[in-house]
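Chain and residue survey
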Amino acid sequence: MLQLLRYYEILLDYSSLLFYNILAMSGYYYIFTYGCQMNVHESEKIAGLLREIGYVQSSDCETADVIVFNTCCIRDTAEKKILGNIGDVKHLKKNNPSLIVAVVGCMTQQKGIAESLKNKFPFVNIILGTHNIEELPKLVSDIDNKIIKRQISVSSEDNPEICETMPIYRTSGTNAWVNIMYGCNNFCTYCIVPYVRGRERSRAPETILSEIKNLLANGYKEITLLGQNVDSYSYEGYDFAYLLEKISEIGGKFRVRFMTSHPKDFNGKVIDIIKNSPNICNNIHLPVQSGSNRILGLMNRRYTRERYLEIIDEIYDKIPSAGITSDIMVGFPTETDEDFQDTLSLTERVRFSNAFTFVYSPRNGTVAAGMEQLPYSVKRERIKTLVALQNKISAEKSLDYIDNIEEILVEDVNPKKPGTVCGRTESGRLVTFSGEKALIGEFVNVKITSAKSSALWGVKE
Ligand code: 5AD
Ligand code: SF4
């Protein structure tokens, strides 16, 4: 592909802009993305970097000239899948020897992993860490130009400077992701993130505000603020509540969501701003992890069950229609039946609108990995019980929406049901109703008529 393009480069007329655009194309990229929204947004930056050197997106990896694996190592399920997927592209190199394969993201940042990936997958050309992704275009060009064959570059810097000049190729429709901070200082004992993403670094409020204003001017209707712990956003004395308030003061009709909040830092000031600002969604993702004080202590979460419930009560008291979601984990080392019952009773008491439920998996280098582990059979039973309970609660909570008139920001057509579109309530619930593609990006009032599990259906008012 590249050889062919270069051949045309010699033959074609540079003075034609149309031809120049064709010439400027270096080939196709395909990005595999694993993990959270943070990674989805990082893939938008990787795409931006590759597009700057003339690559365009391929619809599948078979036809790509550059394949990037944007990895995640937060749980072992993701890690196993990634290793399998990397192995699967080896055969593509046989048909296309100039194919460039890159592995980037937080998996490469773990101790010893870059080296073992290098040995295990000799066909991988580039291994980059989370802090030096901006090196990708130069390395791709150097490999493409046969200057180098392979490069491993993983910086162990804990406080790297934030790169504010990264190009972003957005793919998220009406919603735009905006990082407000990077890294984490919390060292929850089960979690690998602080080891692979470094310490907390916040972006300047004026930089964030100007990015958001620009996105709104370009037609985005929803902004999701991203950070491992948005509540500990801090820039020269400005905190998260200040930032939210400033964003809410930008004129025009748009929505703001944010994730992830930490119960130890979440506070009444933020609740008041959500309550008083029509633009800030009443949708709060507040991971509890466990309902047992003993386990919360071992996890180093630095709040108790009682404090968590106090926050929940304050939220529902001030914002009765709030959609509160959570992350809940089962099978943390030494978790007893009694501890697990505490998690179930907390789940019943809070009645989360939705929850991501996880089976604990040991991560190398974390404190909890050195604790006494539970057998998988126990974890499996517990996750089944928790999922069943949360599904029941989500379905019951859905019924509360029936007959409500909800404002929906239309995100997409529903590919499974032609003639229908879907979007979210302010509280974060997905609603499907009859409508055409032209409604995408519009705010529409919808009367909720039926519900199944956590999905809602309605009719346009
Ligand atoms: N095992 C299982 N789940 C984990 N999480 C983080 N680390 C682990 C682990 N080692 C979950 C937490 C966190 C979410 C993003 O992933 O619930 O909130
Ligand atoms: Fe991991 Fe805890 Fe930081 Fe969240 S707050 S990223 S769970 S260490």
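Residues numbered from 1 in each chain as written. Chains lettered and ligands numbered in written order. Predicted model: local features only at pLDDT ≥ 70, side-chain atom pairs only at ≥ 80, totals over all residues. Heavy atoms only, no water.

1. Brief notes about the domain arrangement of the chain
When cut into domains, the chain gives domain 1 (14-153), domain 2 (174-281), domain 3 (284-399) and domain 4 (405-460). Every contact between the two is made by 21 residues of domain 2 and, on the other side, 28 residues of domain 3. Both sides of the domain 2 and domain 3 interface together cover about 2,100 Å² of buried area, and 67% of this is carbon and sulfur. If you sort the residues of domain 2 by the area they bury against domain 3, T189, Y190 and P263 come out on top, with a joint share of 36%. Inspection of the domain 2/domain 3 interface yields 1 salt bridge. Among the salt bridges present, the one from K318 reaches D272, with a minimum N-O distance of 3.0 Å. Where domain 2 touches domain 3, the interface holds 12 residue pairs in polar contact (both at pLDDT 80 or more). A per-element tally of the side of domain 2 that touches domain 3 places helix 11 (residues 268-276) first, with 5 residues. (Domains from an automatic or database assignment. Contact = heavy atoms within 4.5 Å. Buried area = accessible area lost by both parts, 1.4 Å probe. Salt bridge = Lys/Arg side-chain N within 4 Å of Asp/Glu carboxyl O. Polar contact = N/O pair within 3.5 Å; in protein donor to acceptor, adjacent residues only side chain to side chain. Helix = DSSP H or I, 4+ residues; strand = E, 2+ residues; numbered from the N terminus.)

2. Structural notes on the nonpolar core
Core analysis: the largest hydrophobic core is formed by 54 residues, its most contacted members being L225 and F240. If we skip the residues at most four places from it in the chain, F240 touches I180, L225, V230, D231, Y233, F258 and V270. The next biggest cluster of nonpolar side chains, apart from the first, holds 25 residues, and it includes I67, C72, C73 and V124. (Core = buried A, V, L, I, M, F, W, Y, C linked by side-chain atoms within 4.5 Å. Buried < 20%, exposed > 50% of the residue type's maximum accessible area, 1.4 Å probe, protein only.)

3. A few points about the pairing of strand 1 (residues 27-33)
The pairing of strand 1 with strand 2 (residues 55-57) spans 3 bridges and is classified as parallel. Looking across to strand 2, one finds that Y28 is bridged to V56. One crossover worth recording links strand 1 to the parallel strand 2 by way of helix 3 (residues 37-52), and it is right-handed. Examined bridge by bridge, strand 1 and strand 3 (residues 66-71) share 5 bridges and lie parallel to one another. By the bridge assignment, Y29 is partnered in strand 3 with V66. (Pairing = 2+ DSSP bridges. Right-handed = clockwise from strand over helix to strand, strands pointing away.)

4. Comments concerning the pattern of salt bridges
What the rule picks out here adds up to 25 salt bridges. Among the salt bridges present, the one from D313 reaches R349, with a minimum N-O distance of 3.0 Å. Residue D313 is located in helix 13 (residues 305-318), and its partner R349 is located in helix 14 (residues 337-350); the two are separated by 36 residues in the primary sequence.

5. Overview of the site of ligand 2
Every residue near ligand 2 is listed here: C184, N186, F187, C188, Y190, C191, V193, P194, Q228, H262 and R301. Looking at side-chain class alone, the shell around ligand 2 contains 7 nonpolar, 3 polar and 1 charged residues. (Near = heavy atom within 4 Å. Nonpolar A, V, L, I, M, F, W, Y, C, P; charged D, E, K, R; others polar.)

6. With respect to the site of ligand 1
Surrounding ligand 1, one finds I74, R75, Y190, Q289, D327, M329, F358, V359, Y360, S361 and R363. In this structure, Y190 approaches ligand 1 through a main-chain N or O atom, which is 3.1 Å from a nitrogen atom. At 2.6 Å, a side-chain N or O of D327 approaches an oxygen atom of ligand 1. With the chains in place, 88% of the 400 Å² that ligand 1 exposes on its own is no longer accessible. Of all elements in the fold, only strand 15 (323-330) and strand 16 (354-359) reach the threshold of two or more residues within the shell around ligand 1. Residues that form the shell around ligand 1 fall into these classes: 6 nonpolar, 2 polar and 3 charged. (Areas by Shrake-Rupley, 256 points an atom, 1.4 Å probe, with all protein chains shown as cover.)

7. What about the sheet that holds strand 21 (residues 455-460)?
In a beta sheet, neighbouring strands pair by backbone hydrogen bonds and run either parallel or antiparallel. With mixed pairing, 5 strands are arranged side by side around a closed barrel as 17-18-19-21-20. Across this sheet, the average inter-strand angle for adjacent strands is 50°, counted without regard to direction. (Axes fitted to C-alpha atoms, helices over the stretch in contact; angles between N-to-C directions.)

8. Remarks on the layout of surface pockets
Of the pockets and cavities examined, the second largest pocket occupies roughly 550 Å³. Lining the second largest pocket we find 29 residues, and of these K45, C163, M166, N179 and Y182 sit closest to its centre. Secondary-structure elements contributing two or more residues to the lining of the second largest pocket are helix 3 and helix 9 (205-217). At 5 residues, helix 9 tops the list of elements feeding residues into the lining of the second largest pocket. Taken together, the residues of the lining of the second largest pocket break down into 9 nonpolar, 10 polar and 10 charged. Structurally, the lining of the second largest pocket is a two-domain feature, drawing no fewer than three residues from each of domain 1 (14-153) and domain 2 (174-281). (1 Å grid on protein atoms, 1.4 Å probe; cavity = no way out; pocket = protein on both sides within 12 Å on 5 of 7 lines; lining within 4 Å. Points joined across faces, edges and corners; volume = space filled by probe spheres on them.)

9. Concerning the side chain of R203
In this fold, R203 is placed in the loop between strand 9 (201-202) and helix 9. Given the relative accessible area of 5%, R203 is considered buried. Within the structure, the side chain of R203 is placed 2.9 Å from the backbone oxygen of N179, a separation counted as a polar contact.

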